[in-house]
Amino acid sequence: MDVDIGNALATVASPGISRDALERLDEDVARAHERIEAGRADAEHGYEALNLPSRTDPDEIYRAVDRPEIADADALVTIGIGGSALGAATIADALSGAGAEVGVGAGSEVGADTADDGTQTVFLDNVDPEWITGHLETLPLENTAINVVSRSGTTAETLANFLVVREAFEDAGVDWTERTIVTTGEAGPLRELSDRHGLPALQVPDGVPGRFSALSPVGLVAAAVCGHDLEALLAGASAEAETLTGSLFECPAYAYGATTHALAARGASVNAMMPYAESLETYAEWFAQLWAESLGKDDLGQTPVRALGATDQHSQLQLYRAGPRNTLVSFVTPRERDDRAIPATDVDDLAYLGDASLGELLQAEFEATEASLAAAGRPNVRIELERVDAFELGGLLYGMEAACVLAGELAGVNAFNQPAVEWAKKATRGLLGGTDADGNRLEEADAVAEKTTLRVDR
Ligand SMILES: O=P(O)(O)OC[C@H]1O[C@](O)(CO)[C@@H](O)[C@@H]1O
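Just so we're clear, the structure is a prediction, and the values are computed from it rather than from any experiment.

This brings us to a nonpolar patch on the surface. Among the surface-exposed residues, V347, L350 and Y352 lie close enough to one another that they form a single nonpolar patch of about 290 Å² accessible area. Here L350 shows up in the loop between strand 11 (327–334) and helix 14 (351–354).

Below, the discussion takes up the side chain of E444. When you line up the elements, E444 lands in helix 18 (residues 444–449). Once residues lying within four places of it in the same chain are set aside, the contact partners of E444 are W423, K426 and A427.

Moving on: the site of the ligand. The local shell around the ligand holds 14 residues, among which S84, S150, S152, T155 and E293 are the closest. S152 has a polar side-chain atom sitting 2.7 Å from an oxygen atom of the ligand. For the ligand, an oxygen atom lies 2.9 Å from a polar atom in the side chain of K425. Protein contacts shield 87% of the accessible area of the ligand, which totals 390 Å² for the unbound molecule. Classifying every residue of the shell around the ligand gives 2 nonpolar, 8 polar and 4 charged.

Turning next to the packing of aromatic side chains. Tallied over the full model, the rule gives 10 aromatic pairs. Measuring from centroid to centroid gives 5.3 Å for F331 and F366, while their planes differ by 75 degrees, and the two rings are edge-to-face. Within this pair, whereas F331 is found in strand 11, its partner F366 is found in helix 15 (residues 358–375), the two being separated by 35 residues in sequence. Each member of the pair F331 and F366 is classed as buried. The structure contains a cluster of three or more aromatic residues connected by ring pairs, namely Y256, Y283, W286, F287 and W291.

Those places that UniProt annotates as "active site" (unreviewed entry) correspond, in this numbering, to E293, H314 and K425. In sequence the annotated residues extend across 133 residues, and in space they extend as well, their farthest C-alpha pair lying 36.8 Å apart. Within the secondary structure, E293 is located in helix 12 (residues 281–295). Relative to the helices and strands, H314 is located in the loop between strand 10 (303–306) and helix 13 (317–322). A residue is classified by how much of its surface remains accessible, and H314, at 67% relative accessible area, is exposed.

Two numbers describe how helix 1 (residues 19–41) lies on helix 16 (residues 390–411): the axes approach to 9 Å, and their chain directions differ by 110 degrees. When the axes of helix 1 and helix 16 are compared, the pair comes out roughly perpendicular. For the pair helix 1 and helix 16, the sense of crossing is right-handed. Every residue of helix 16 that contacts helix 1 at L25, D28, V29, A32, R35, I36 and R40 is listed here: Y398, V405, L406, E409 and L410. Looking at the contact of helix 1 with helix 16 residue by residue, the class counts come to 8 nonpolar, no polar and 4 charged.

So, about the pairing of strand 2 (residues 75–79). Within strand 2, 5 of the 5 residues are buried, which leaves the element mostly enclosed by the surrounding structure. Across 5 bridges, strand 2 lies against strand 6 (residues 144–150) in parallel orientation. Looking at strand 6, one finds that L76 is bridged to A145.

On the secondary structure map, T282 appears in helix 12. Within the structure, the side chain of T282 is placed 2.6 Å from the side chain of D93, a separation counted as a polar contact.

About the criteria used
- Residues numbered from 1 in each chain as written.
- Predicted model: local features only at pLDDT ≥ 70, side-chain atom pairs only at ≥ 80, totals over all residues.
- Heavy atoms only, no water.
- Patch = residues over 30% accessible without salt bridge, like charges linked within 9 Å, V, L, I, M, F, W, Y side chains within 5 Å.
- Areas by Shrake-Rupley, 256 points an atom, 1.4 Å probe, with all protein chains shown as cover.
- Salt bridge = Lys/Arg side-chain N within 4 Å of Asp/Glu carboxyl O.
- Helix = DSSP H or I, 4+ residues; strand = E, 2+ residues; numbered from the N terminus.
- Contact = heavy atoms within 4.5 Å.
- Near = heavy atom within 4 Å.
- Polar contact = N/O pair within 3.5 Å; in protein donor to acceptor, adjacent residues only side chain to side chain.
- Nonpolar A, V, L, I, M, F, W, Y, C, P; charged D, E, K, R; others polar.
- Phe/Tyr/Trp six-rings, centres within 6.5 Å; stacked < 30°, edge-to-face > 60°.
- Buried < 20%, exposed > 50% of the residue type's maximum accessible area, 1.4 Å probe, protein only.
- UniProt positions renumbered as here; feature names shortened; annotations may be inferred.
- Axes fitted to C-alpha atoms, helices over the stretch in contact; angles between N-to-C directions.
- Parallel < 35°, antiparallel > 145°, perpendicular 65-115°, else oblique.
- Left-handed = near helix turned anticlockwise from the far one by under 90°.
- Pairing = 2+ DSSP bridges.

Okay, here's the thing in structure tokens:
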């Protein structure tokens, strides 16, 4: 990935960062880089994620999915949530070829992605019963493989969905044990299930938090089943890893990470990730988890917003150009893409379109939107890819992870844990009659009943 931070400079934008401040910040980047490299060298928790390009063995993944019921399946249903779904869904969305819609999260159509090799992929990362039933009623279960992913092996949504999907296969008379592959940690209910039924099981790499695990079996099993090029994904990530040096003026990932940190410190509390490629829509969701769960700590952090170019020029741009000066817009755009001509028309007013192509129109929209923000003194950053393919995607995912790790170092927060999510998990378990590991009641559930209410009913 290439990064242009020109429109984040104080000569263009407010909030913005001056060249002098950027030079000074680069000294912090050098120190942070040393810390990151030391963490990588010692395979420390979190930093280990930046070693994945050289740690992940694509052949191990290809071998694990090399069962006819899995490799030749017409459809693949991935059951996982957060980091155990978004990385795989991002790769599926980006590499799935034109016109595909990935069925991720409640509210998406009972649609599915169709990979280049024709495999239909569905990601069940929510427990909305109507949505789950919709998928189970349309999937060809007798030709569907199951990919269950959970680092902890205990996540309620994932385990509940797996129990439901398993039952649906049994009700359809389809042997799910032949067509299920598991990726999980060394222990936990999911590991027990896979051992009990002799399911192929891959290990979530130690020291790698879920949201940083796309370039491991967590994100790559689904990609392997869909025939995507794991070596190219990892090679792109390796090439990006080569760029990690002690200066933001030499390393695109650090330039992005340092700039977002500097702008957050100057009031840009929102980061709108706006790729100009439909195939990167799910990438913006993946980025939102990475940024929110890693940096949202100690009353700090930048709120990630998912946007899509050109679509959200017609919904969100008004706010980013004329609303509070609290937003950095991060654009991602490929330099090359397959194009399609716009047919000529005899309507004079539309002549300018008839002479162009959709790709030219989209590129003009991107450049115009970028310039419109700069003209209004609003900070934005450009992230460029050669094109949306496996190599470039590997680099983008790795680059964003490295940018996030750096931003965490500069902000002085632990980018690798997410303690704030545990409260609601305990309350949920308590509401369903569950207890803690020692059999004690989960007090968090009581707070639900104690809610302050001021209802206004229709
Ligand atoms: O992979 P697991 O353990 O099922 O967790 C899924 C997701 O849930 C979280 O723990 C948040 O609840 C994320 O950090 C993680 O990616």
